[in-house]
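Each chain, written out:
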Amino acid sequence: MSAPVESTSPTTVGVLGAGRVGTAVARQALRAGYRVLVAASGDPADIALIVEVMAPGALAVTAADAVRGADVIILSIPLRKFDTLDPDALAGRVVVDAMNYWAETDGAMPALHDDARSTSEIVQAFLPGARLVKTLNHIGYHELETDHSPAGTPGRRALAVAGDDADARAVVLDLIERLGFDGVDAGPLAAGAALEPGTAIFNGRHDRTGIEALLARAAEQLSPAVR
Ligand SMILES: NC(=O)c1ccc[n+]([C@@H]2O[C@H](COP(=O)([O-])OP(=O)(O)OC[C@H]3O[C@@H](n4cnc5c(N)ncnc54)[C@H](OP(=O)(O)O)[C@@H]3O)[C@@H](O)[C@H]2O)c1
């Protein structure tokens, strides 16, 4: 495993979750030239075949090895399982929260539903040392494949990036760019509320101008502390 490196151009992406999103992110990260480690919650042998078929070139590893060996870690697991993550292992690491509260598939989670914080702030509270960044939650897993395009393409699809650690945001903005999307800096993690299910950003395809306008509108409705 490579040692974690602090860089705005990480070389290894660790993906937690070998489902629809995890394998789609892994495939696109490979296309973008990253080394990719994929883990589910158990034995890597259980996901070896799906990883080989869905993301050929990625390595199936344990969750601990995916975290240890990656420069940036993607959380693509059901939100209701966030408390199965290892806060100690993720401390100090750049971690992308691609998870959504999606009651239709996850079932109702009253504790989340009734919490005024964005879901990423709740995850951050469980992972206090992680340098958490919200993004990749507001694009369908299949759209990662169909909607990417080279930088400078007119109308290029954009994805917003929210997090409290500016250096971690920079790392993830670079990741989004390399995956084939314009990365739009949305500011602090609390701004991730504007990316959640039910929002205009979540519900549509937007270019940079469109996302910036929607973020500005959402910021007007947030508390002054978030602006
Ligand atoms: N569907 C979309 O287009 C879309 C788009 C953006 C974001 N999202 C969000 O992305 C997340 C994943 O969605 P999905 O559709 O890919 O789910 P999924 O197909 O059900 O896959 C979930 C994966 O997470 C793994 N997992 C669970 N706990 C884990 C842990 N502690 N460590 C490592 N892996 C773990 C599961 O493995 P085991 O079998 O070992 O538990 C499984 O491989 C959800 O939060 C969803 O809301 C979905």
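Details of the structure are given in the entry above.
Residues numbered from 1 in each chain as written. Predicted model: local features only at pLDDT ≥ 70, side-chain atom pairs only at ≥ 80, totals over all residues. Heavy atoms only, no water.

### A word on the environment of His-142
Tracing the chain through its elements places His-142 in the loop between strand 6 (131–134) and helix 8 (143–146). Taking the C-alpha atoms as reference points, His-142 and Gly-42, 100 residues apart in sequence, are found 25 Å from one another. (Helix = DSSP H or I, 4+ residues; strand = E, 2+ residues; numbered from the N terminus.)

### Some details on the site of the ligand
Taken together, 22 residues lie near the ligand, and Ala-18, Val-21, Ser-41, Ile-77 and Thr-84 sit nearest. At a separation of 3.5 Å, a nitrogen atom of the ligand approaches a polar backbone atom of Gly-17. Here an oxygen atom of the ligand sits 3.0 Å away from a polar atom, N or O, in the main chain of Tyr-141. Taking 920 Å² as the accessible area of the ligand by itself, protein coverage stands at 77%. A class-by-class count of the residues in the shell around the ligand yields 12 nonpolar, eight polar and two charged. (Near = heavy atom within 4 Å. Polar contact = N/O pair within 3.5 Å; in protein donor to acceptor, adjacent residues only side chain to side chain. Areas by Shrake-Rupley, 256 points an atom, 1.4 Å probe, with all protein chains shown as cover. Nonpolar A, V, L, I, M, F, W, Y, C, P; charged D, E, K, R; others polar.)

### Focus: the nonpolar core
Judged by nonpolar contacts, the single largest core of 34 residues is most densely connected at Val-13, Val-15, Val-36, Val-38, Ile-74, Leu-136 and Val-172. Among the elements that make up this core, the one with the highest residue count is helix 9 (residues 166–179) (seven residues). The contact partners of Val-38, leaving out residues within four places of it in the chain, are Val-15, Gly-17, Ala-18, Ala-26, Ile-47, Val-51, Ala-58, Leu-59, Ala-60 and Val-61. Formed by 25 residues, the second largest nonpolar core is a distinct cluster that contains Ala-70, Met-99, Tyr-101 and Leu-127. (Core = buried A, V, L, I, M, F, W, Y, C linked by side-chain atoms within 4.5 Å. Buried < 20%, exposed > 50% of the residue type's maximum accessible area, 1.4 Å probe, protein only. Contact = heavy atoms within 4.5 Å.)

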